[in-house]
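Here's the letter readout for the chains.
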4 protein chains.
Amino acid sequence: MVSLEAKLRIAVFGVGRMGQRHATNVAYSTPRAQLVAVCHIKTEALEWAKANLPEGTKYYSDPAECLADPDVDAVLIASVTSSHPELTLEAIKAGKHVLCEKPISISIEESIPVVKAAAEHPEVKVMIGFSRRYDASYRETKGRIEAGQLGTPYLIKSATNDQYDPSGFFIAYSKLSGAIFMDCGIHDIDIARWLLDVENPKKLSKPKKQVTRVFATGLNAQHPELANDGDCDNGLAVVDFENGTKCTFHLSRTATHGHDCFCEVFGTDGKIIVNGNPTMSRVEIRDSHGVRTESTPNYYDRFREAFVTEVNTFTECVLDDKPVPTTAQSALDAAVIASALTYSFRNEKPIYFDDNGNPILN
Amino acid sequence: MVSLEAKLRIAVFGVGRMGQRHATNVAYSTPRAQLVAVCHIKTEALEWAKANLPEGTKYYSDPAECLADPDVDAVLIASVTSSHPELTLEAIKAGKHVLCEKPISISIEESIPVVKAAAEHPEVKVMIGFSRRYDASYRETKGRIEAGQLGTPYLIKSATNDQYDPSGFFIAYSKLSGAIFMDCGIHDIDIARWLLDVENPKKLSKPKKQVTRVFATGLNAQHPELANDGDCDNGLAVVDFENGTKCTFHLSRTATHGHDCFCEVFGTDGKIIVNGNPTMSRVEIRDSHGVRTESTPNYYDRFREAFVTEVNTFTECVLDDKPVPTTAQSALDAAVIASALTYSFRNEKPIYFDDNGNPILN
Amino acid sequence: MVSLEAKLRIAVFGVGRMGQRHATNVAYSTPRAQLVAVCHIKTEALEWAKANLPEGTKYYSDPAECLADPDVDAVLIASVTSSHPELTLEAIKAGKHVLCEKPISISIEESIPVVKAAAEHPEVKVMIGFSRRYDASYRETKGRIEAGQLGTPYLIKSATNDQYDPSGFFIAYSKLSGAIFMDCGIHDIDIARWLLDVENPKKLSKPKKQVTRVFATGLNAQHPELANDGDCDNGLAVVDFENGTKCTFHLSRTATHGHDCFCEVFGTDGKIIVNGNPTMSRVEIRDSHGVRTESTPNYYDRFREAFVTEVNTFTECVLDDKPVPTTAQSALDAAVIASALTYSFRNEKPIYFDDNGNPILN
Amino acid sequence: MVSLEAKLRIAVFGVGRMGQRHATNVAYSTPRAQLVAVCHIKTEALEWAKANLPEGTKYYSDPAECLADPDVDAVLIASVTSSHPELTLEAIKAGKHVLCEKPISISIEESIPVVKAAAEHPEVKVMIGFSRRYDASYRETKGRIEAGQLGTPYLIKSATNDQYDPSGFFIAYSKLSGAIFMDCGIHDIDIARWLLDVENPKKLSKPKKQVTRVFATGLNAQHPELANDGDCDNGLAVVDFENGTKCTFHLSRTATHGHDCFCEVFGTDGKIIVNGNPTMSRVEIRDSHGVRTESTPNYYDRFREAFVTEVNTFTECVLDDKPVPTTAQSALDAAVIASALTYSFRNEKPIYFDDNGNPILN
């Protein structure tokens, strides 16, 4: 249950689509945290906030001002991706704990300073919002692996297949999001790294080398114009980890039945499938269309509760001084793989990694 | 989302197992309500409360005192069943809105005054906690029926099968809970009445007669001693409604795989199954035991979110002055059917209903 | 595999819809039997036979002539139900083994002489075609029960829901088939009797009394005119067996998704579900209608292989002189229950059985 | 149904494990074919045959003698793989139709003369036993694709995961079978080529080039010693077809729950999954191990009926002079891909194909 110490006072940066959800969660679903402030540059967004968030919430349009507020213990950064690195650095500098939506940045270069700053300020918790790790079914899977129920895990096959949006929204979005292997695949990479324990130094011959090789390919089933931006609407990837395990994943923007986020973990004693059927509810219909279920339409309907668990976990890590599960370093490690996959896809060849853990791009 | 009017101030009566869950929900999961007080006779229970509930909560051991508190707008009654009628009556008298755990009472006679008091005090909302109606999948089912997706619904087959508890706890509990058709079956009855629209006067030849006949039988698969109390560990029931629809249900205490709460609604254009597989999560395991899922162990794991929706709905009904979905009258109507089924089971014959809606017991 | 003794020479009586299937099975799918003759009164049916059955098959339009053929060892009776008793009696008299499609007759009175004749001629095998017992999944279920995997079985809930045929074919058919509890329910009754071991004398206080009480009700979801013939398009039944077990079943002509034949066997250590999803194949479709499977459209698609196993079992029983699994006596016992259920449904009351195993109809 | 012309007279070569199944199918499950002869070098195998196959079957231990028998119209070659090419060539020379178990050979070089001989003798039907194509669910999938139900298919993800055999039988077998991509993957390749219509000249820029590139990797979860033979117990492959579609597959010898043969076909309007759950029957068990089904233990239990359909299709192709679905050429095309994947796996790099359809191995 809940202890009665002082609550963690959180300010939410950015109340666009995801920010609204985060602010609502902090306001109404976190027993040990409270929403004290919201910061957003555009006035319209604050109107939503004023109409929907608790009385007493402070509103800022200037991040610096918000970070200077002594009533703010921590910030949840849900603003546009391009603002993540600077805001995170500023918050660390201001001594505020940070929960930053993934990714730190679509650029590896911009992510590195954040990782460094986080390392230099251990008194500040910096957690990156890899929401999938906070989902109950993935956590159960991790627990079963740790309990030895799968024997030795050796392979993960996963898929993140978004429901097709005929408006083509994701095409414009593609340029900002870092293409499919970064935008969409980073979750699959993060989950595979976690479940396959690829950071564990005991399983590594060279301490910094976690990945041996990556290979990616892709095709455009609906939107050939994505090729102009070096992107695709269906991507396939194979990652060889240094600890001897492998993962493959299939990323897509063209599913017709809903958002289908699937993961299969193979071990010597059995396998686990997460979300074999992406059901929306416990309702099954039997009619002239068959025996059927409806699917979660998007990732938010699939992971709604994970976002609550995420912010509750962050709160607990701060209040109880525990290490955060999804560090900036682990986010960077996943991003390096995503970036290498993008390079592999664009250059049509496997990419090997050197002993320092860097992809050899030539 | 949420409007910013004053919150509904709720006192929780009883913080035993269910009361703790309710108090936690009111404290941390209800945007428009707040927990202001807890009332429990035993000091130990209040210790749990003090350690787990928000600072500022008031504590009472005398219900009358709590009801006299002007900061209390509404009460959530989660104390022992035998206390429900009196507490509800006192609360209504004190002008407090009431959300009372089901059933009002295991006795029809004791329930009637509550129904009357609720009718005489329309300024006070009285809602009975038929949690299953607040479950997302049942609500989706109701919505699909109302949208005509099933054509005309004509039959419900449902099952509430509790996981077998070899300790035999439920045997002692049986004497207090009113036997299986009342304790367990009342949910199935309530859901059937709701989904089959049996109260709708347009479908009734006689305004007060909703039920034509009930028939029940039972057996003891594990605990023959239940026969001594006129109870059984597996009950079967058939209910003929006056609007031409029927329902059957199977209540059991002897499932080995978990809590299995199943509902099948048959319509002329299709059928809906709720919870065909009582999965605990989205995890499937494939190993030497087969391709398999684990089940929700008990009703609370199955209906955890429904309890939150229930108290949020109650809050909304009070603050927005809407009619409550699960009235005292509907609870009584369900209880009358449960009671008639118990009589049918004990006397081994079908029970018919008269034009006033009363079972003919002779 | 197969031994090389002489094959069983079978004549098929009646090559209407079911007879064609049986004749084809005997001709092409029975390693130890061969089709030697076909008998059908109408010439058109024989045309089908001549075009589709092996060369060398003999054709008869007079049953007596066919029964006099010394090359015929056994007959498979698939003609209209009303002809079953006489043909079976004639075949027994002629010393031919008999596999007769269910039911022996829709009349208990007409069935009794067949049961007697079978008893008086143990040298002739008389088997009734309760095809469901020869289905691999039901046989697996029986095997699991006998292996103790369910502990003590105590309850069966089954359903035979035919796909709705808007042409109303079954309404005309209803008059000939003995109404839904006989025509359709007899399979559920037979399966329940078999799986619950209700004939086992060790479990019976009175040797002849297998059933304590039956209760049936029904409604017409699509065809109110069925009421004129004492029939319904949805029937519900509860049967209490003398050995302490029970079964319920739901018979229907109004399923929209296909033929859905479902069985749930409850035991103290677990339960088995047969055909939880009546899939037609191993294909699942995920598209704008959801995640879905198509269902077997009718009982023949569901039980195609069971009919082959049935005739192979019959052949084996004759050639190896084994007792047949589905005797005329067991068919009669099931029919008596079906008949009592029909009476219960029409007279709206439970029907009890006397110590001789006869229903008390008054 | 069945026409009454003369039956196809088939001799079965080899009555080892698979040959026994084929011989039994030809003897007892093929309305238009009959088993006339069996040829096997070892006497013990013929003993099984004499005890289990129909009287009148002829027995040979010399293939040449059998091929000289004028009563033999066609041969089904189910002897050891190494004998396939020579026997097929001899049979073609003798003017006998041939149904040869897959593969023609594990060597591309040895396969080519067979393909040429088949091309030069169009009067003789030569069909290779790619049994999976004759499975009802794969055929239904092909039909749905051809009917346009998936829109444009663009990707196949398939898996052939054999149940782990702790005896390590497959390790010794590995040396004879051509390693996992050839032995096991050739089915996945054949199915992908068929469902994705990769041979269709209208979709190809260069008439002979069907494949652009292949990439394979693998690991040994249970048997590191397989590395010595250039084999693995888990293989992953990506194939880019020239028509713009792709396929990936996962081959494994280490599944613990049974033989799991899975296929997912992605199209612009939907996707199809074949065998999402490799159930053995329609039985589901709910007990202390969960809600569960048992899986087909091996490929034969999964594809039992496909083998019957295969030989019936062969018979039909010969008797009705239709083109065979699985030609020697298509078997060779699949083998070339399998061989390139093996090379990719062993040399750790993608393999490209030239304009003549040959892999560029350097």
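For the structure, check the block above.
What you are looking at is a predicted structure, and each value in this text was computed from that prediction instead of being measured.

### As for the interface of chain B and chain A
Next up, step 1: In this complex, chain B contributes 40 residues to the contact, which on the side of chain A involves 40 residues.
Next up, step 2: Roughly 3,300 Å² is buried in total at the junction of chain B and chain A, and carbon and sulfur atoms are behind 50% of that figure.
Next up, step 3: At the boundary of chain B with chain A, the tally comes to two salt bridges.
Next up, step 4: Taking the shortest distance from any N to any O, the salt bridge between E294 of chain B and R144 of chain A comes out at 3.1 Å.
Next up, step 5: Joining chain B to chain A, the criterion identifies 14 residue pairs in polar contact (both at pLDDT 80 or more).
Next up, step 6: Residue composition of the side of chain B that touches chain A, grouped by class: 15 nonpolar, twelve polar and 13 charged.
Next up, step 7: Both strand β13 (residues 283-287) of chain A and strand β12 (residues 270-274) of chain B contribute to a ladder of four bridges, which runs antiparallel. Its bridge partner being in β12 of chain B, R286 of chain A is matched across the sheet by K271 of chain B.

### Quick notes on the interface of chain C and chain A
Next up, step 1: Residue-level contacts link 15 residues of chain C with 15 residues of chain A.
Next up, step 2: Across the chain C/chain A interface, buried area totals approximately 1,200 Å², and carbon plus sulfur atoms make up 44% of it.
Next up, step 3: When the buried surface of chain C facing chain A is broken down by residue, R286, H289 and V291 of chain C rank first, second and third, together holding 45% of it.
Next up, step 4: D260 of chain A is the salt-bridge partner of R286 of chain C, the closest N and O atoms lying 2.8 Å from each other.
Next up, step 5: Between the two partners, chain C and chain A, sit nine residue pairs in polar contact (both at pLDDT 80 or more).
Next up, step 6: Within the residue set of the side of chain C that touches chain A, elements represented by two or more residues are β13 (283-287) and β14 (290-293) of chain C.
Next up, step 7: With four residues, the single largest contributor to the side of chain C that touches chain A is β14 of chain C.
Next up, step 8: In terms of residue class, the side of chain C that touches chain A is made up of two nonpolar, nine polar and four charged.
Next up, step 9: By the bridge criterion, three bridges tie strand β14 (residues 290-293) of chain A to β14 of chain C in an arrangement that is antiparallel. Bridge pairing links V291 of chain A to T293 of chain C in β14 of chain C.

### Quick notes on the packing of aromatic side chains
Next up, step 1: Taken as a whole and assessed by the stated rule, the structure comprises 26 aromatic pairs over all chains.
Next up, step 2: Centroid distance Y299 of chain C to Y300 of chain C: 6.5 Å. Interplanar angle 80°. Geometry classified as edge-to-face.
Next up, step 3: Taking the relative accessible area as the measure of exposure, Y300 of chain C reaches 7% and is therefore buried.
Next up, step 4: Among the aromatic side chains, those forming a connected cluster through ring pairs are Y299, Y300 and F307 of chain A.
Next up, step 5: One cation-aromatic arrangement involves R21 of chain B over Y300 of chain B; the distance from NZ or CZ to the ring centre is 3.6 Å.
Next up, step 6: The aromatic ring of Y59 of chain C is capped on one face by K50 of chain C, whose charged end is 5.5 Å from the ring centroid.

### Quick word on the relation of the copies chain C and chain A
Next up, step 1: Superposition record for chain C on chain A: RMSD 0.0 Å, screw rotation 180°, translation along axis 0.0 Å. Taken together, these values place the two copies in the relation of a two-fold axis. Among all C-alpha atoms of chain C, that of R292 of chain C lies closest to the rotation axis, at 2.0 Å.
Next up, step 2: Comparing contact sets, 100% of the residues at the interface of chain C also lie at the interface in chain A, consistent with an isologous, same-surface contact.

### Some thoughts on helix α10 (residues 299-319) of chain C
Residues and elements named next belong to chain C.
Next up, step 1: Compared with the 30 Å implied by 1.5 Å per residue over 21 residues, the 29 Å span of α10 between its first and last C-alpha is a close match.
Next up, step 2: Taken as a whole, α10 carries its principal kink of about 45° at E305.
Next up, step 3: For α10, the set of buried residues is Y300, R302, F303, A306, F307, E310, V311, T313, F314, T315, C317 and V318.
Next up, step 4: At the N-terminal boundary of α10, the capping side chain belongs to N298, with an oxygen 3.0 Å from the backbone nitrogen of Y300.
Next up, step 5: One or two positions beyond α10, positive phi appears at D321, with a value near 50°.

### Brief notes about unusual backbone geometry
Next up, step 1: A cis amide bond links K102 of chain C with the next residue in sequence, P103 of chain C, at an omega value of -10°.
Next up, step 2: Counting through the fold element by element, P103 of chain C comes out in the loop between β5 (97-101) and α5 (108-120).
Next up, step 3: In this structure, D197 of chain A takes a positive phi of about 60° despite not being glycine.
Next up, step 4: Looking at the secondary structure, you find D197 of chain A in the loop between α9 (185-195) and β8 (211-219).
Next up, step 5: Taking the relative accessible area as the measure of exposure, D197 of chain A reaches 27% and is therefore partly exposed.
Next up, step 6: Although it is not a glycine, E348 of chain C sits at a positive phi angle of roughly 55°.
Next up, step 7: With respect to the helices and strands, the residue E348 of chain C is situated in the loop between α11 (328-347) and β15 (351-352).
Next up, step 8: Judged by its relative accessible area of 48%, E348 of chain C falls in the partly exposed class.

### Comments concerning the side chain of T326 of chain D
Residues and elements named next belong to chain D.
Next up, step 1: In this fold, T326 is placed in the loop between α10 (299-319) and α11 (328-347).
Next up, step 2: We classify T326 as buried; its relative accessible area is 0%.
Next up, step 3: At 2.7 Å, the side chain of T326 and the side chain of Y134 are in polar contact.
Next up, step 4: Those residues in contact with T326 that lie beyond four places of it in its chain are V126, M127, I128, F130, R133, Y134 and D190.

Definitions and limits used
Residues numbered from 1 in each chain as written. Chains lettered and ligands numbered in written order. Predicted model: local features only at pLDDT ≥ 70, side-chain atom pairs only at ≥ 80, totals over all residues. Heavy atoms only, no water. Contact = heavy atoms within 4.5 Å. Buried area = accessible area lost by both parts, 1.4 Å probe. Salt bridge = Lys/Arg side-chain N within 4 Å of Asp/Glu carboxyl O. Polar contact = N/O pair within 3.5 Å; in protein donor to acceptor, adjacent residues only side chain to side chain. Nonpolar A, V, L, I, M, F, W, Y, C, P; charged D, E, K, R; others polar. Pairing = 2+ DSSP bridges. Helix = DSSP H or I, 4+ residues; strand = E, 2+ residues; numbered from the N terminus. Phe/Tyr/Trp six-rings, centres within 6.5 Å; stacked < 30°, edge-to-face > 60°. Buried < 20%, exposed > 50% of the residue type's maximum accessible area, 1.4 Å probe, protein only. Lys NZ or Arg CZ within 6 Å of the ring centre and 35° of its normal. Least-squares fit on C-alpha atoms with pLDDT ≥ 70 in both. Expected span 1.5 Å × (residues − 1). Bend = angle between axes of the 7 residues up to and from the residue.

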